[in-house]
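A structural walkthrough
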Amino acid sequence: MPQDVALVDLLDRLLGTGVVLAGDVVVSLAGVDLVRIRLQALLMTVRGPEEEL
Amino acid sequence: MPDRPDSGERTGRYLYAIGRGIGGEGLAGTPGLRERPLRVVEHLGLVAVVSDVDLDEFGEDGLRRNLEDLHWLEDVARTHDSVVRAATAVGPTAPLRLATVCFDDDQVRARVDQWHDPLVRALDRVDGRVEFSVKAYASEPESAGQATPAATGPGAGAAYLQRRKEETLRRERVGQDAARDAEELYAVLAESAVAGRRLQPQDPRLTGHQGTMVLNAAYLVDAGEPFADTAAQALSRWPELRVEVNGPWPPYSFATLEEQ
């Protein structure tokens, strides 16, 4: 099944929920930033980089 | 951030999940990121599933750069998911978010310390259970006649505006109906589940689906329960909605720890 899972569904879960990351190396990557990065990264492939969010 | 000697490769520990009763042998057939072997770090009766990662790639600067690269993101997300699925098959598992990286095993143990009580509660909650996803889309309302103004004649403009207004009201009504249907669907399916959560609806630009997503839900279900069949039977009550049921997932949406 894993390859059939839509990436967007997977990222919903891997970025939006689960144990929060609270420190060490990735301390500055708070949830909001990750969500924004996700949307930008996905939109770039769907629509091309010229369109901004 | 502690200073590290620059000699040699700088490695960190990527955390996939923390669980109970997960022995390293149960994970032997599953590779970690970049084909590195998985290891377990045991602490306080819990088991963290980790593998070594290069900090040039997974350190703060590397992550900042790489998270913008969709292929990198997808590769890491799918590997993370496959490790979590393997761990879930061995024992109750609380998946961690993507890209949780510690410097060494001591820091992994410090995390387990810090999260211990909520972790135990999360593991109790998801033990023997799986997650299903249910997404519902409202059909695009069909336009009631072409809203183009007649070319000539007195009052044509006013009639056009009137039709536009009616069309807008009709669309609003359809949207409200779909939202109410989604609410009911969510509640009815929750009766067949241990717990439910509503996630943010996904942007159609990301999913490529037609229609508005009115429900993006996750349900926690006892393993072996025929949730998909139950859902399929219930769905006939909402012919206006297009519904997708997927699963079983590892219990990603129900092992959340609040930020400490």
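Keep in mind it's a predicted model, so treat the numbers as computed, not measured.

A closer look at the overall build of chain B
Scanning chain B from terminus to terminus reveals seven helices and eight strands. Considering only contacts within chain B whose residues lie at least 6 apart along the sequence, 77% involve residues at least 24 apart.

Describing the sheet that holds strand E8 (residues 241-249) of chain B
Residue and element names in this part refer to chain B. Strand order across the open sheet formed by four strands is E6-E7-E5-E8, with antiparallel pairing between neighbours. Taken across any chain shown, the strands that pair with only one partner, and hence form the sheet edges, are strand E6 (195-198) and E8. Between one strand and the next, the sheet's axes are offset by a mean angle of 20°, whatever the strand orientation. Bridge count for strand E5 (residues 129-138) against strand E7 (residues 212-222) is ten bridges, and the pairing is antiparallel. Each bridged residue has a counterpart across the sheet, and for Ser133 the counterpart in E7 is Ala218.

Re the sheet that holds strand E4 (residues 93-102) of chain B
All names here are of chain B. Spatially, E2-E3-E1-E4 is the arrangement adopted by the four strands of the open sheet, whose pairing is antiparallel. In the strand order of this sheet, the two ends are held by strand E2 (39-43) and E4, each with one partner. Between one strand axis and the next, the sheet turns through 30° on average, direction left out of account. Across five bridges, E2 lies against strand E3 (residues 46-54) in antiparallel orientation. Residue pairing for E3: His43 is matched across the bridge by Leu46.

Notes on the environment of B:Asp69
Tracing the sequence through the fold places B:Asp69 in the loop between helix H2 (60-66) and helix H3 (70-90). Expressed as a C-alpha distance, the spacing of B:Asp69 and B:Tyr160, which sit 91 residues apart in the sequence, is 48 Å.

Remarks on unusual backbone geometry
Residues and elements named next belong to chain B. In this chain, Gly247 is followed by Pro248 through a cis amide linkage whose omega measures 0°. Tracing the backbone shows Pro248 in strand E8. You will see that Leu44, though not glycine, has its phi angle at about 55°, which is positive. Within the secondary structure layout, Leu44 lies in the loop between E2 and E3. Under the C-beta neighbour-count criterion, Leu44 is labelled exposed, with 11 such atoms within 10 Å. Here Ala99, not a glycine, exhibits a phi torsion of approximately 65°, which is positive. The buried category is assigned to Ala99, around which 24 C-beta atoms lie within 10 Å.

Focus on the domain arrangement of chain B
Residues and elements named next belong to chain B. What the domain assignment lists for chain B is domain 1 (11-127) and domain 2 (130-254). Between the C-alpha centres of domain 1 and domain 2 there is a distance of 35 Å. Facing the seven residues of domain 1 at the interface are five residues of domain 2. Elements represented by at least two residues in the side of domain 1 that touches domain 2 include exactly H3, E4 and helix H4 (105-126). The element best represented in the side of domain 1 that touches domain 2 is H3, accounting for three residues.

Calculation notes
Residues numbered from 1 in each chain as written. Chains lettered and ligands numbered in written order. Predicted model: local features only at pLDDT ≥ 70, side-chain atom pairs only at ≥ 80, totals over all residues. Helix = DSSP H or I, 4+ residues; strand = E, 2+ residues; numbered from the N terminus. Contact = placed C-beta atoms within 7 Å. Pairing = 2+ DSSP bridges. Axes fitted to C-alpha atoms, helices over the stretch in contact; angles between N-to-C directions. Buried ≥ 20, exposed ≤ 12 C-beta atoms within 10 Å, placed from the backbone. Domains from an automatic or database assignment.

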